[in-house]
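Fold and geometry: a report
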Amino acid sequence: MFMKLNVIIICFVFLTNNSAFSRQEPDSLHRALQVAEDTALVDVLNELCWHYTYSQSDTALQYGKKAIKLAEHLNYIKGLVDGHNRTGIVYDVNSRYDSALYHYHKAIRMCRRVSDTLLMARILNNIGLTHSRTGNYKEALDYSFSALEFFQYTRDSTGITSAQNNIGMFYASLKNFPKAVNYFKKAYKSYKRFGDTLRMGALLTNLGSVYHKMEENDKAFEYIEQSIRIKEQVKDYYGLGISYNEMGVLYLEKGETEKGLEYINKTINLNTIIDNNREVTSAYLIKVGKYLDEGNLRKALYYNRLAKDMAERINSKPTLYYAYQNFSKIWERKGNYKKALDFYKRYISVKDSVINDKRINQIYELELAYETEKKAKEITQLTRQREIQQLRIDKQNIQLENRKTQIIAIIAIFTLGLLSLYLWYFKYRHRQKIKLDAALINQKEKRARAVMEAEINERKRIGEELHDGMGQMLSLIKLNMSSFYEKIEPNDDRERNRVGSLINLVDNAFNELRSISHNMAPIMLQNKGLVAAVSDLVDRIKQSNQFKIHFEAIGFNGRLEGYVENTLYRVIQEIFNNIISHAEATEISLQMFKNEKEITILVEDNGKGFNTRHIKETDGMGLQNTFSRVENLNGNVHIDSAENRGTIITVNVPI
């Protein structure tokens, strides 16, 4: 039935920076805007950006961008970090995730310059949320647990509570509902103690959604009704759209269709006004499920097309996954099996991008690593506190000695003391920055390796299941159809042609399945290594007769580590996909070099090229995936391209 929708509606909790203005009403902020100057004006602009984030996003963006521009002019780093962080939140609320990540990472880079651990934690928390929007749960978990560690280190109760809510959100996405309820209730009690009404409303929605998934609908109604009352009171239009959506589903499942559709339509109207495309898409999918149950295929097809178009626009893989699945069902019921099969293949192609229940073990492993690292950090913190205490004792001794000297000596020693204190403070801040950077790099390397290895194993498992399970089913179908073909009368050409076409369709499906399975876990890569796998990839591309490819590998004696080979293979595969899809090239050159220190990969094409000036701001996922994979190996990517001049991509990875 339509009520068993695969749409989990969850409220995220963002964090900004506390400031002197954070508790002021908009009228007082606007008055302050008229008289504030320099850095104080930047702070007021940032607070106005945060105030209008959920109600008037266009106004919020105007204030955020003004704050960034003025902070850059004044070289006011803290105001610049706040501006990028809050502007990122506005973009996230409006489902513009690439723009949100761009501003968050800008904030992270500048945050390291001021060594503000708490501010770093808040931005990491927001980055994790944005990754979860697009179904990138591996990155989301990595950033969320990093944020929780920093919040624990700084003993920031508000940040800890926010991280608990977001971890509960991940458990809900992974369908571990008891753990999700546990985290949500902890976070709700904390927000109630703080008197944070806005986030209390979000937590009530989360609890209602989880109880709905647990089929405890009485509790779900209770929590959602409470959340709606609170959100209407504080004018949280962003949160109201989510609560209306959830309430609509509850009424539809209860059989009260008219009331359910009333709430769903309220969701669509409200979220369209505030540009919350993610919730509009969710509402469309709910309508698709209802109309499929009623057999109204025309309306189901109409709303599913709207959902698919919007999912592509906001780059939401989980939503696209459900849209393709719905298309397959709709066209199958209409009798158009060719279109049904086409959308089923698209559904399978994005299936590996959507996290499934078996990945819960990864969270447990990350939690264990988090507990171990937390103990180590506590020991480090105690050691640092003892060092600071000893320095204070030494300073007091120096001051006692200075009192016994003559006036001139006192002045000289005092001057030298101030200089020494300045140098000590400068070195101390430098050491703290080095330690923080080293900890971040080490943490990133550990988790990157764990995530990559988990991805390799998961791809291998899904590839084998597709090949062994679905492949066996297709083979059995072909065998039965071939047997049926043999029983058809020789003079019945029409029937023999129809069955023969079906056999060919099954053969094509089997070949497509084998191709998908091979791409997920190339056998050549597992058995013979990187060079052989890349050579096989080149040969398969050559078979299309569309490209002239030159391939050369020098210095590769023996195998590399498995996760390194897999990552480099995926990088080369991604580059080839970009060339095939976008470059309009006819010739490709691939060269791979290995020495004692590094591996170098050089890919050149004679395509149309592109402008690299704003390459980090592009919406394309291909190049972003390439940068991310190479950075996980501590490597770097250089792209040399210009319009109508072709492209040269150089990848360097240390050994």
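Residues numbered from 1 in each chain as written. Predicted model: local features only at pLDDT ≥ 70, side-chain atom pairs only at ≥ 80, totals over all residues. Heavy atoms only, no water.

This paragraph deals with the overall build of the protein. Counting its regular elements, the protein contains 24 helices and 5 strands. Here the protein, with 655 residues, has 50% of them falling under the buried criterion. (Helix = DSSP H or I, 4+ residues; strand = E, 2+ residues; numbered from the N terminus. Buried < 20%, exposed > 50% of the residue type's maximum accessible area, 1.4 Å probe, protein only.)

Our next topic: a nonpolar patch on the surface. Taken together, the side chains of L416, L419, Y422, L423 and F426 present a nonpolar region at the surface, about 550 Å² in accessible area. Note on placement: L419 falls in helix 19 (residues 407-487). A residue is classified by how much of its surface remains accessible, and L419, at 47% relative accessible area, is partly exposed. (Patch = residues over 30% accessible without salt bridge, like charges linked within 9 Å, V, L, I, M, F, W, Y side chains within 5 Å. Areas by Shrake-Rupley, 256 points an atom, 1.4 Å probe, with all protein chains shown as cover. Salt bridge = Lys/Arg side-chain N within 4 Å of Asp/Glu carboxyl O.)

Another point: the packing of aromatic side chains. As enumerated under the stated definition, the model contains 12 aromatic pairs in all. Ring geometry for F221 and Y251: centres 5.2 Å apart, planes at 70 degrees, overall edge-to-face. Note that F221 is positioned in helix 11 (residues 217-234) and Y251 in helix 12 (residues 237-254), a separation of 30 residues in sequence. You'll find F221 and Y251 in the same group, each marked buried. Each ring, one from Y302 and one from Y303, has its centre 5.0 Å from the other, and the planes form 80 degrees; the classification is edge-to-face. Through a chain of ring-to-ring contacts, three or more aromatic side chains come together here, namely F221, Y244, Y251 and Y263. Seen from the ring of Y244, K266 lies directly overhead, with NZ or CZ sitting 4.4 Å from the centre. One residue, R346, lies across the ring of F343, its end atom 4.6 Å from the ring centre. (Phe/Tyr/Trp six-rings, centres within 6.5 Å; stacked < 30°, edge-to-face > 60°. Lys NZ or Arg CZ within 6 Å of the ring centre and 35° of its normal.)

This brings us to a positive patch on the surface. A cluster of basic residues, R305, K334, K338, K339 and K345, forms a positive patch on the protein surface. No other element matches the 3 residues that helix 17 (residues 337-351) contributes to the positive patch. By secondary structure assignment, the location of K339 is in helix 17. (Lys, Arg positive; Asp, Glu negative; His and termini not counted. Charge placed at Lys NZ, Arg CZ, Asp CG, Glu CD.)

The next thing to look at is the pairing of strand 4 (residues 636-641). Alternating positions in strand 4 separate cleanly, V637, I639 and S641 being buried on one face and N636, H638 and D640 remaining unburied on the opposite face. Pairing of strand 4 with strand 5 (residues 647-654) involves 6 bridges; the strand directions are antiparallel. Residue pairing for strand 5: D640 is matched across the bridge by I648. The antiparallel hairpin formed by strand 4 and strand 5 contains 5 residues in its connecting segment, where N644 sits at a positive phi of about 65 degrees. (Pairing = 2+ DSSP bridges.)

Read across the open sheet, the 5 strands follow the order 1-2-3-5-4; overall the sheet is mixed. Since the sheet does not close on itself, it has two edges, and those belong to strand 1 (548-554) and strand 4, each with one partner. Each neighbouring strand pair of the sheet contributes to a mean axis angle of 10 degrees, computed without reference to strand direction. Docked against the sheet, helix 22 (residues 530-542) engages strand 1 and strand 2 (587-594), running at close to 175 degrees with respect to strand 1. Here helix 23 (residues 562-583) sits on the sheet and contacts strand 2, strand 3 (598-605) and strand 5; the angle it forms with strand 3, its principal contact strand, is near 10 degrees. (Axes fitted to C-alpha atoms, helices over the stretch in contact; angles between N-to-C directions. Contact = heavy atoms within 4.5 Å.)

Right, let's talk about the nonpolar core for a bit. Within the largest apolar cluster, 85 residues are counted, with the highest numbers of intra-cluster contacts made by V81, I123 and M247. Ignoring sequence-local partners within four residues, the contact set of I123 consists of V81, N85, Y104, A107, I108 and C111. By size, the runner-up hydrophobic cluster in this structure holds 37 residues, among which are I541, L590, I601 and I639. (Core = buried A, V, L, I, M, F, W, Y, C linked by side-chain atoms within 4.5 Å.)

A separate point is unusual backbone geometry. The backbone phi angle of N75 is positive, close to 55 degrees, even though this residue is not glycine. By secondary structure assignment, the location of N75 is in the loop between helix 3 (57-74) and helix 4 (77-93). Given a relative accessible area of 55%, N75 falls into the exposed group. Phi at E215 is positive, roughly 65 degrees, even though this residue is not glycine.

Glancing now at helix 14 (residues 277-294). Between its terminal C-alpha atoms helix 14 stretches 26 Å, which fits the 26 Å expected from 18 residues at 1.5 Å a residue. With 16 of its 18 residues buried, helix 14 lies for the most part within the structure. Directly beyond the C-terminal end of helix 14, a positive phi value near 80 degrees is found at G295. (Expected span 1.5 Å × (residues − 1).)

Moving on, we get to the packing of helix 6 (residues 117-133) against helix 8 (residues 157-173). Following both chains from N to C, one finds helix 6 and helix 8 inclined at 20 degrees, their axes separated by 11 Å at the closest point. Judged by the inter-axis angle, helix 6 sits roughly parallel to helix 8. Crossing of helix 6 against helix 8: the hand is left-handed. Every residue of helix 8 that contacts helix 6 at N125, G128, L129 and S132 is listed here: S162, A163, N166, M169 and F170. In terms of residue class, the contact of helix 6 with helix 8 is built from 4 nonpolar, 5 polar and no charged. (Parallel < 35°, antiparallel > 145°, perpendicular 65-115°, else oblique. Left-handed = near helix turned anticlockwise from the far one by under 90°. Nonpolar A, V, L, I, M, F, W, Y, C, P; charged D, E, K, R; others polar.)

Bringing the pattern of salt bridges into the picture now. Considering all chains together, one arrives at 15 salt bridges under this definition. With its nearest N and O atoms 3.0 Å apart, the salt bridge here joins E47 to R86. Taken together, the residues E47 in helix 2 (residues 38-51) and R86 in helix 4 connect sequence positions 39 residues apart. E47 gets classed as buried once you look at its relative accessible area, which sits at 4%. Residue R86 is classed as buried on the basis of its relative accessible area, which comes to 1%. In this structure, the salt-bridge partner of R540 is D536, at a minimum N-O distance of 3.3 Å. Residue R540 and its partner D536 are both found in helix 22; the two are separated by 4 residues, about one turn of the helix. Ionic contacts of the salt-bridge type, sharing partners, join the residues K308, D309 and E312 into one network.

Moving on to the packing of helix 2 against helix 4. In the contact formed by helix 2 and helix 4, the axes pass within 10 Å of each other and the chain directions differ by 15 degrees. Between helix 2 and helix 4, the crossing angle belongs to the class labelled roughly parallel. Regarding helix 2 and helix 4, the two cross each other, and that crossing is left-handed. Where helix 2 approaches helix 4, its residues V42, N46, E47, C49 and W50 are matched on the opposing element by G79, D82, G83, R86, T87, I89 and V90. Of the residues contributing to the contact of helix 2 with helix 4, the split by class is 5 nonpolar, 4 polar and 3 charged.

Glancing now at helix 4. Because the α-helix completes a turn every 3.6 residues, residues three or four places apart line up on one side. Across its 17 residues, helix 4 extends 25 Å between first and last C-alpha, which sits within 8% of the 24 Å expected from 1.5 Å per residue. A large share of helix 4 lies buried, amounting to 16 of its 17 residues. In the stretch just after helix 4, S95 is the one whose phi turns positive, near 65 degrees.

For the protein, per-residue confidence averages 78 on the pLDDT scale, and residues scoring 70 or more make up 78% of the total. Overall, residues 1-12 carries pLDDT values under 50, and its contacts beyond four positions in sequence, including any with other chains, amount to 49 contacts. Contacts for the low-pLDDT stretch residues 355-362, under 50 throughout, to residues beyond four places or in other chains number 17 contacts. (pLDDT = per-residue confidence, 0-100.)

What follows covers the environment of Q546. Mapped onto the elements of the fold, Q546 is located in the loop between helix 22 and strand 1. As a C-alpha pair, Q546 and T586 span 40 residues in sequence and 6.6 Å in three-dimensional space.

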